[in-house]
Amino acid sequence: MAVWNRKTTASSSEGSPERDQERGKTNFESSSFEAPSDGPVEHREGTELRRGLAARQVSMIAIGGAIGTGLIIGTGKALAQAGPAAILISYTLVGMLVFLVMAALGEMAAWLPIAGGFSAYAARFVDPALGFSLGYTYWFKYIITTPNQLTAAALVIQYWCPPERVNPGVFIAVFLVVIVTINYLGIRFFGEFEFWLSSIKVLVICGLIILSLILTLGGGPDHDRKGFRYWQKPGAFKPYIKTGSAGIFLGVWSSMINAVFAYLGTELVGVTVGEAQNPRKT
């Protein structure tokens, strides 16, 4: 396994000159994080990423990466399908799992901020086969979720512009061109675009939370103080497919899918760390 290819162990590296040189560093070069010659991770000349992402950009990408169609649109479907208590349970369980994964990824990224991201970590610390499969799985994820995001954007726009007036394919084509253009502009412009777009998403989520509190406390047009009324009637759980306890279990389990999809994007920190100016402080 690749983890045994390291020349030194954690105990022997303490107090070593190489480790002392790393302390207090603020600038990192891609070449300084190359794997050993017998390791699975290699960087050829001219293939390193440019470290142009500032701390504010990486932080906002990390926050905004988890805010998308899975949270804004998918939560409504899960709420109607399984009930409020079901999505509370599923989102809490998945959130705890994501926290553990991100904590481990953050430690590896701070110690070894290489350009390969978490697929490179899997290849180096576990096995090259795992890194290979993880990289292609992540690639498949984005060729599936990108059309999903574009379709969701077109569906949202249909609220103001019905398909009878403008074909939804027009909006999908426009958004696709914008996404490709932003990714071709380079890390400097990409970081700024991501920072401001993620800021808008954070503001939207904060606005939705405030609006929900106002409506719950009776600040809507009907001045009806709803509170937790719908937790009592029709109930906190909604049976799915079957009735009784089996239906409640299936409802909670079905909401797990929406919860996992809602947390997609949090792993972007493991990818952007290879382009961060100061990954250990970021």
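What counts and how
Residues numbered from 1 in each chain as written. Predicted model: local features only at pLDDT ≥ 70, side-chain atom pairs only at ≥ 80, totals over all residues. Heavy atoms only, no water. Helix = DSSP H or I, 4+ residues; strand = E, 2+ residues; numbered from the N terminus. Contact = heavy atoms within 4.5 Å. Core = buried A, V, L, I, M, F, W, Y, C linked by side-chain atoms within 4.5 Å. Buried < 20%, exposed > 50% of the residue type's maximum accessible area, 1.4 Å probe, protein only. Arc of directions from axis to C-beta. Phe/Tyr/Trp six-rings, centres within 6.5 Å; stacked < 30°, edge-to-face > 60°.

Draft legend 1. Structural view of the side chain of N258. Inspection of the secondary structure assignment puts N258 in helix α12 (residues 244–262). The contacts of N258, once residues within four sequence positions are left out, are G70, G74, K77, A78 and Y91.

Draft legend 2. Inspection of the nonpolar core at higher detail. Ranked by size, the top nonpolar core spans ten residues in total: L105, A109, L112, I114, F118, A120, Y121, F125, Y138 and V273. Secondary structure elements with two or more residues in this core: α6 (84–111) and α7 (117–125). Among the elements that take part in this core, α7 stands out by supplying four residues, more than any other. One finds I87, V98, A259 and A262 within the second-largest nonpolar core, a separate group that totals eight residues.

Draft legend 3. Region of interest: helix α5 (residues 74–82). Burial in α5 covers these residues: G74, T75, A78, Q81 and A82. Projected down its long axis, α5 carries its buried residues within an arc of 135°, all on one side.

Draft legend 4. Structural view of the packing of aromatic side chains. Evaluation of the coordinates by the stated rule reveals ten aromatic pairs. With a centroid separation of 4.9 Å and 55° between ring planes, the pair formed by F132 and Y136 is classed as tilted. In this pair, F132 and Y136 are both assigned in helix α8 (residues 128–157), four residues apart and thus about one turn of the helix distant. The class for F132 is exposed, based on a relative accessible area of 57%. Ring centres of Y136 and W139 lie 6.4 Å apart, and the angle between their planes is 80°; on these two criteria the pair is classed as edge-to-face. Placement of the pair is Y136 and W139 together in helix α8, with a separation of three residues, close to one helical turn. Within the aromatic cluster, the residues linked to one another by ring pairs are F132, Y136, W139 and F140.

Nothing here speaks to function; it is geometry throughout.
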